[in-house]
Each structure stands twice: as C-alpha cells, then as structure tokens.
Amino acid sequence: MKGTYDFGLVGLGVMGRNFILNVADNNFTAFGYDLDTEKVKALREEGGDTSKVDATTKVEDFVQALSLPRKIMLLVPAGQIVDTVIEGLLSYLDKDDIIIDGGNSFFTDTDRREAYLSVKGIHFFGAGVSGGAKGARLGPSIMPGGNREAYQYVKPIFEAVSAKYEGEPCVTYLGPKSAGNYVKMVHNGIEYGLMQLTSEIYDLLKKGGDFNNDELHQTYANWNAGRLQSFLVEITSEIFEQDDDLGEGRLVDKILDKAKQKGTGKWTSQNAMDLGIPVPSIDIAVSMREISALKEERLQADKMYGRPKVEQMDKAVLAKLAEEALYFSFIITYAQGLHQLADASKEYGYELEIAEIAKIWRAGCIIRAGLLADITEAFNADKALPNLLLSPSFTEKVQVTVGAARTLVAYAAKNGIPVPGLSNSLTYFDAYTSSRLPLNLIQAQRDYFGSHTYERLDKEGVFHTEWDKK
Ligand code: 6PG
C-alpha cells in the first residue's frame, strides 16, 4: 500500500483528527502521523477502513505511504514545534513535495520557513484553518498562501473538504509567501473585535434593561434571524440557554470573567501599528482581555470608586438600539480588518483580493456572517476600494444605525457601563468621516517644540515658524 495515499496529516489532536476524517469522507485517501500511540489507535478505529484512512507513529512509514508530490498538512501548535516537525520530515521528502502549516503561525515565521524550504525544492504553504473542531470535521474556511503553481495539487482536496456557501467552496489561493497566515491573523483580530462587541451589548442589556438569560437567549436568537445573522451571534444565543451541570442556574453566570488569548488578536494590533493602519475596535478588544485578567485589582478598585446607579431603559427600546449599534459596530470592525489587509497586501506583496477573502469567510469560519455577502459584493463592485466605509452600498446601512451607537455610547458613559468596543467603533467612524480633524494643532505643537515643520492648507511646501518669541 506504499505511496498511494493522497494526503498526509501530522498531528492527530482534535483538529487534526477531525480534518483527516473530513478528507477521507470526501473520497481522498489520507494517512496520519502522531508520536502518540493512543491518538494513532483512536484514528484507526474511528476511520474504520485503513485503505481509506490510516495512521502511524513512524515518520518514515508515514512519508512512504504518500503519493507524489506529497501533500503533508501540519496541524500542530504554532511555534518551535512546527520547525521540529519540518526537520523530522525533511530527510524523507522528495523535490516538489508540499508541506502545509494549518496552524495559527506568525506570518514572519511562515516567510522564514518558506525561504528555507524553497531552496530544498519543497513548497511550503501557510494555510489558516478556521471553524474549530466542528469546522475541521464538517467544513472549515481555509486560507492558503504559498506557491501558486504548487497550489493546484492541494486545490481539489481543500475545495472538497472546505465549507460551502451556496455551493461555492470557502477556500481559494490567496497569494504568495505568508499571505494565508496573515489573512488568518486578521480574521482572528476581527474575531476578537466581534466577540468584544457582543459581550458589551450583553452587559448593556443585562445592566440597562435587566434582561434575564431567557430574554438574552431570545434576543440574540431574533437577531440571528435578521441582518446580524452570524456564527458568533448564534452561539451567543445558545450560551444563555446552557444550564450549569455542576450547580443551579445557567452556566454563563458561573464563568470567571477573565478572557484568555493565544496571541493572534495582539499580533493583528501590533502589525496594524507597524503598518500605520488604525484598527481601534480590534486594539480595544485585546486591551479588554488584558483588563479582564486584572481581576484582583478590579475587585479592589471596585470597592474604592463608586459608580452611577444605572438608569433602567425600556426593554424593547434597548433591544432595538442594541441591534442597530451591534450591526453598525460589526460593519466598522470588518472595515478596519479589511483595510489592514489591503494595506498589508501592498506592503508585503501578497496581491490579495479583498472580495475573495470576504467570499471565503461567508461560511465555515468563526467570523462568518450574513454581512459578508454584502461585503463581498462591495469589493467586487470596486476591487480597489480602500475602505468599506467608502462603498456606496454601505452608506445607508451605516447611516441608519449610527444613531443607535451614539445613543448607547452616551447612555453607557452616563451610567458607568464600559463599552469601549462600541465607543471605539463610533469614534473611528466619526474620525474617518471628518474632513477636518484637530491634528493641525498637533503639527503646530510638534513644530513649536521640535522644529518638526508643518504643511499648510493654502500653500504648497514645508514650513517652520519660530513660535517662542519670548
Ligand atoms: C478559528 C479560531 C481559532 C482559535 C483562536 C482562539 O478561526 O477557528 O480563531 O483559530 O479559536 O485562535 O484564539 P484566542 O485563544 O487567542 O482567543
């Protein structure tokens, strides 16, 4: 049976096992490799027919089982382990074999690995895979980047296993080098932003309208049936229904309010800063996870500072405003992430097509949402659109919902409810749509204390003034 399996997968953890079974379900033969005997055994049992899906703990047997050019996907934790796995495979590989890193690797690591392997004749792909364990099993969104010619060997398998949106596969070749990992990184930055916004709205409904968990469940479920239809709104509605198996009441009320992170949201923010692209809805989502981690200090500070008594709002009025504000701030968050992608594409030579990215995010991934069909259309209508807010098809969507964001940000500020994602989204919108900002004063200050010069509205050139006449 040597040399006949279509696809190899290294790392038979939850994601790897689900992904390889998905490959086998789609009539490709697949071979897995993991050092853990139990994981290999579990896959062989679950896979059933070993002529379709098999696995081993021996690297040599694994590599020899695969047809040429070998297509080997790694689903192992990002970091040093990816390098270790690559080194372990290398001596057994042939020229033109393909290695695909399906983890959340940092994009510069992917560039380094691609350069290292290309001189050895091996094609290296960074492919973001989104959708969690269920997505890996039933159809994820896949974001591959690497060598365009080599992609043809991977394409049929990825297209078969990926999620489908109205029959179209949620995978496409994105661009050279680390384009795939970069797009997945920004996907996760947007994910952080949307999660922060849905949690702020939950806080507003709970504190401002005294919504109980059943009402929260119903409200998010109603929204999911409308223009806010999205995976995150859907699971949020389900979360409010979940009973606590270890005690009374609903589980959500027992969960510690400290959110962890593996780093992809932070990388998005850091890189946006490097590129000079503002993504404040993502930045604040990272900061809020950091603030949430300061639980002990928050408990102490809560006792030291009083906060306003929350003035209650009518439930129906609040729910309507919340739906509009959430829709508005979702648009702003996608706009920021996509703006970053457009800019990164120029900076790193990715040749990204934003419409194609929005298209493969319409199903399978964590940030899938009805809104992405509209976003795809907007970028298809104008491929060079710098920012979603400049699309005429979004003007009305934003105009009819921004008022609710204003009302709720003002209400939250007055009542001491933190809504930084919502307020950052609103502030970004107000700043981005201002023809005149007060940054003329900053230029004057810079020139005053550092002779940094300034430009003028009415004359070409660079100017300096001796401001301090004393
Ligand atoms: C996905 C997710 C996935 C993972 C996040 C969690 O698209 O399937 O983004 O990659 O759940 O990395 O990230 P944090 O641990 O940083 O929240």
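If you're wondering where the values come from, they're calculated on a predicted model, not measured in any experiment.

K.L.:
Account for the domain arrangement of the protein, naming residues and giving values.
P.N.:
When the domains of the protein are assigned, the result is domain 1 (7–177), domain 2 (184–432) and domain 3 (441–470). Its C-alpha centre places domain 1 at a distance of 56 Å from the equivalent point of domain 3.

K.L.:
Mind laying out the pairing of strand S6 (residues 123–130), listing which residues take part and the relevant values?
P.N.:
With eight of its eight residues buried, S6 lies for the most part within the structure. Of the two faces of S6, the one carrying His-123, Phe-125, Ala-127 and Val-129 and the one carrying Phe-124, Gly-126, Gly-128 and Ser-130 are both buried. By the bridge criterion, four bridges tie strand S5 (residues 98–101) to S6 in an arrangement that is parallel. Bridge assignment links Ile-99 to a residue of S6, and that residue is Phe-124. What joins S5 to S6 is helix H5 (residues 107–118), and the crossover it makes is right-handed. As defined by bridge partners, S6 adjoins strand S7 (residues 141–145) across five bridges and the pair is classed as antiparallel. Residue pairing for S7: Gly-126 is matched across the bridge by Gly-145.

K.L.:
Break down the environment of Leu-389 for me, with residues and values.
P.N.:
Among the structural elements, Leu-389 can be located in the loop between helix H16 (371–381) and helix H17 (392–415). The exposure class assigned to Leu-389 is buried, which follows from its relative accessible area of 15%. Distance from Leu-389 to His-339, taken between C-alpha atoms, is 9.9 Å for residues 50 residues apart in sequence. Excluding residues within four positions of it along the chain, Leu-389 makes contact with Ile-332, Val-398, Tyr-428, Phe-429 and Tyr-432.

K.L.:
Break down the state of the cysteines for me, with residues and values.
P.N.:
Here, the word disulfide means a covalent bond between the sulfur atoms of two cysteines. A complete count under the given rule lists zero disulfides for this structure. Not engaged in a disulfide, the cysteine Cys-170 finds its nearest cysteine sulfur in Cys-365; these two sulfurs lie 7.4 Å apart. Residue classification places Cys-170 among the buried positions, given a relative accessible area of 0%. Judged by its relative accessible area of 0%, Cys-365 falls in the buried class.

K.L.:
Quick one: what's the story with the side chain of Asp-244, residue by residue and with numbers?
P.N.:
Summarising the element assignment, Asp-244 is placed in the loop between helix H10 (231–239) and helix H11 (264–275). Under the relative-accessibility criterion, Asp-244 is labelled buried at 12%. Contacts of Asp-244, omitting those with residues within four sequence positions, involve Gly-249, Arg-250, Leu-251 and Lys-254.

K.L.:
Please give an account of the side chain of Ser-391 that cites residues and values.
P.N.:
Following the sequence through the fold, Ser-391 ends up in the loop between H16 and H17. According to the relative accessible area criterion, Ser-391 is buried, its value standing at 3%.

K.L.:
Please set out unusual backbone geometry residue by residue, giving values where relevant.
P.N.:
Residue Pro-69 follows Leu-68 across a cis peptide bond; omega there is -15 degrees. With respect to the helices and strands, the residue Pro-69 is situated in the loop between helix H3 (59–64) and strand S4 (71–74). The phi dihedral of Ser-451 is positive, around 50 degrees, even though this residue is not glycine. Topologically, Ser-451 is positioned in the segment after helix H19 (439–450). Assessed through its relative accessible area of 45%, Ser-451 is described here as partly exposed.

K.L.:
Tell me what's going on with the site of the ligand, and back it up with residues and numbers.
P.N.:
By nearness alone, 14 residues border the ligand, and Ser-130, Glu-191, Tyr-192, Lys-262 and Arg-289 come closest of all. Within the contact set of the ligand, an oxygen atom lies 2.8 Å away from a side-chain nitrogen or oxygen of Lys-184. Side-chain polar atom of Asn-188 to an oxygen atom of the ligand: 3.1 Å apart, as the coordinates give it. Burial of the ligand by the protein amounts to 80% of the accessible area it has alone, namely 420 Å². Sorting elements by how many residues they give to the shell around the ligand places helix H8 (residues 179–209) first, with five residues. Of the residues assigned to the shell around the ligand, the class counts are two nonpolar, eight polar and four charged. For the shell around the ligand, the two domains that each supply at least three residues are domain 1 (7–177) and domain 2 (184–432).

K.L.:
Could you give an account of the packing of helix H12 (residues 280–293) against helix H14 (residues 315–348), naming the residues involved and the relevant values?
P.N.:
Interhelical geometry of H12 versus H14 gives an angle of 100 degrees and a closest axis separation of 8 Å. In terms of axis orientation, H12 runs roughly perpendicular to H14. Residues Pro-280, Ser-281 and Ile-282 of H12 form the contact with H14, whose participating residues are Ile-332, Thr-333, Gln-336 and Gly-337. For the contact of H12 with H14, a count of residues per class yields three nonpolar, four polar and no charged.

Thresholds, definitions, all that
- Along each chain, residues carry numbers from 1 onward, in the same order as the chain's sequence is written.
- Note on the predicted model: pLDDT of at least 70 is required for a residue's local features to be given, and 80 or more for side-chain atom pairs to be given and counted; whole-chain, interface and lining totals, by contrast, use all residues.
- Based on all heavy atoms of the structure, the side-chain values leave hydrogens and waters out of the count.
- Domain start and stop points were drawn from an automatic or database domain assignment.
- For every residue, the accessible area (1.4 Å probe, protein chains only) is compared with the maximum for its type, and the residue is labelled buried under 20%, exposed over 50%, or partly exposed between those bounds.
- Numbering of helices and strands runs from the N terminus; a helix is a DSSP stretch of H or I covering at least four residues, while a strand is a stretch of E covering at least two.
- Two strands make a pair as long as DSSP finds a minimum of two bridges between them.
- Handedness rule for crossovers: strands pointing away from the viewer, path from the first strand over the helix to the second running clockwise, crossover right-handed.
- Two residues form a contact once any of their heavy atoms are found within 4.5 Å.
- Throughout, disulfides are identified as pairs of cysteine sulfur atoms within 2.5 Å of each other.
- Residue proximity to a molecule or strand is established when one non-hydrogen atom of the residue lies within 4 Å of it.
- For this analysis, a polar contact is any N or O atom pair within 3.5 Å, provided that within protein one partner can donate a hydrogen and the other can accept it, and provided that sequence-adjacent residues contribute only side-chain to side-chain pairs.
- Residue exposure ignores everything except the shown protein chains as possible cover, and the areas themselves are Shrake-Rupley values with a 1.4 Å probe.
- Basically, the charged four are Asp, Glu, Lys and Arg, the nonpolar ten are Ala, Val, Leu, Ile, Met, Phe, Trp, Tyr, Cys and Pro, and anything else, Gly included, counts as polar.
- Lines are fitted to the C-alpha atoms to define the axes, a helix being fitted only along its stretch in contact, and any angle between axes, read from their N-to-C directions, falls within 0 to 180 degrees.
- Angles below 35 degrees are treated as roughly parallel, those above 145 as roughly antiparallel, those between 65 and 115 as roughly perpendicular, and all remaining angles as oblique.

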